[in-house]
Amino acid sequence: MTQKQRLRTGFSGETKLLPYLIAVNLTRRCNLKCAHCYLDAGGKDESITEELSTSELCNLFSEIAEKAEGTLIVLTGGEPLLRPDIGELVSTGNSLGLRMVLGTNGLGLSAKIAQELKVSGLQGVGISLDNLYSEAHDQFRGVPGAWEKTLAAFRECRACGLHVQLHTTVTHQNADQIEDFVEFAKNEGISILNFFFLVCTGRGQMMSDLSPEQYEGVLVRIAELQRNTKSLMIQSRCAPHFKRILYQHDPQSQFTRAQGYDGGGCLAATHYCRIDPQGNVTPCPYMENVAGNIRDSGFWKIWEESSLFQDFRNPTLKGRCGSCEFRNLCGGCRARAQERFEDFMAEDPTCTWQPAEELLPESVPVTAELPSGDLDGSVEWTPEAQKRLKRIPIFLRGMIRKRLEEKALQLVHGLAENAVITPDFMAEHRKQREHELGIKFEERSL
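Throughout what follows, the structure given in this document is the object of discussion. Keep in mind the model is a prediction, meaning the values are calculated, not measured. (Residues numbered from 1 in each chain as written. Predicted model: local features only at pLDDT ≥ 70, side-chain atom pairs only at ≥ 80, totals over all residues. Heavy atoms only, no water.)

**Here's the deal with the overall build of the chain**
Helix and strand content of the chain: 15 helices and 14 strands. For the chain, the proportion of its 446 residues judged to be buried stands at 57%. The long-range share in the chain, meaning contacts at least 24 apart out of those at least 6 apart in sequence, stands at 70%. Entry remark: accessible area of the chain is about 18,900 Å², with carbon and sulfur atoms responsible for 50%. (Helix = DSSP H or I, 4+ residues; strand = E, 2+ residues; numbered from the N terminus. Buried < 20%, exposed > 50% of the residue type's maximum accessible area, 1.4 Å probe, protein only. Contact = heavy atoms within 4.5 Å. Areas by Shrake-Rupley, 256 points an atom, 1.4 Å probe, with all protein chains shown as cover.)

This is how it looks when you write it as structure tokens:
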């Protein structure tokens, strides 16, 4: 098993490779006509006869929850709000113990709908905004007036207490606005800003991508912003070599696997997959390689037995990715390799790094389900603290657990007593971190 494969461990000691995040494309229909759409989404009146039905989706959520309660389910599209059953889907998943979130363009998020979804159990929403100039955003998204409606959606969601993320796709048109997006997010009260990097699939095949040198430059700027911005969490998505850049600048960066953060690199087929509107299961949204279809086979059978997913979990990387000393932290983008070389094990064509000869030491494996032990055998977790730990997003759980245990051990150093982690201790640590970073954390945030 490679370092890239994280295991959830329970009290029984049993280990399983489970998804942290599953994206569900509910529909290909959309009320925008985005130039970069990986799904090549059609009009809002496009036929819905092949879409997974409400009952099929609810059965899927039930199956997922049987083995992986707490998994983050991202309902996306197309535009997911075009599904009239969106509230029922959110409510069903939430009742099963799944963490239901929405990925949307925001055009349909009125105050009424935002409040209804929150009542149904929606825990957060990611809203896409791709340019700070309204005309440029509307042109990119293909519909006049989209910018104003999207901005209103941010504010309606915040007003009703929904956790909001800003999603921005980095292109030639907005690469010079990276720093401005950070200021915009802070001014709008947004707590997480995700910069997505274009993968040239779907309609995006016709777009020119950033050059590798431009990628590197933008990622370095994002890393700098991440280090220096206390009131906002800033992340880069669909650019695994961001983790290499973070490590190069700071080996102690909390956002790499080396420090226990399990959202690093690419999670495709190891802790993440996508299900398209027809039920096909793929490693990620940008790949058409199909592992199976949930209409023909159970989700867990596909997840556990697919030969495609096994290849991802035990990769034989080629080119520079295969010899790179950072492959445990990064691994490169398999979708871009597939698109450029028709081989998903090929090197990532967007990375400029020239590998050295020696592989960096692998990070210490982190179990993320529940604390089955501590760093040196002298930290105890109360049952209430264990329950609270489960409320933390899975990919952050190992890192937070590690920090809490280190803090607890520091407090009892030299004293004739064991360290005990309680909910009060966790709350105090959280307040300290909020004060240090100038940001308000949400335990069930995205």
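There's more to say after this.
**Some remarks on the pattern of salt bridges**
Under the criterion given, the structure shown has 16 salt bridges. For R320, the salt bridge identified is with E347, shortest N-O distance 3.3 Å. With R320 in helix α11 (residues 319-323) and E347 in the loop between α12 (334-341) and β13 (379-381), this residue pair connects regions lying 27 residues apart in the sequence. Overall, R320 belongs to the buried group, its relative accessible area being 18%. Connected through shared salt-bridge partners, R29, E51, R83 and D85 make up one network. (Salt bridge = Lys/Arg side-chain N within 4 Å of Asp/Glu carboxyl O.)

**As for α12**
Burial in α12 covers these residues: R334, A335, R336 and A337. Tucked inside the fold, the buried residues of α12 contact β8 (192-197), α7 (212-228), α10 (307-313) and α11.

**Considerations on helix α4 (residues 134-141)**
All of the buried residues along α4 are H137, D138, F140 and R141. Along α4, the residues classed as buried sweep out an arc of 160 degrees about the axis, all on the same side. Away from the buried face of α4 by more than 90 degrees, exposed residues E135 and Q139 are located. Close packing links the buried residues of α4 with β6 (124-128) and α5 (146-159). Count one or two residues on from α4 and you reach G142, which has phi positive near 85 degrees. (Arc of directions from axis to C-beta.)

**Regarding the sheet that holds β6**
To summarise the sheet geometry, strands pair through backbone hydrogen bonds and adopt either a parallel or an antiparallel arrangement. Read across the sheet, 10 strands follow the order β9-β8-β7-β6-β5-β4-β3-β10-β11-β12 without closing on themselves; strand pairing throughout is mixed. Taken across any chain shown, the strands that pair with only one partner, and hence form the sheet edges, are β9 (233-237) and β12 (292-293). Across four bridges, strand β5 (residues 99-104) lies against β6 in parallel orientation. Bridging from a neighbouring strand, G103 pairs with G126 of β6. (Pairing = 2+ DSSP bridges.)

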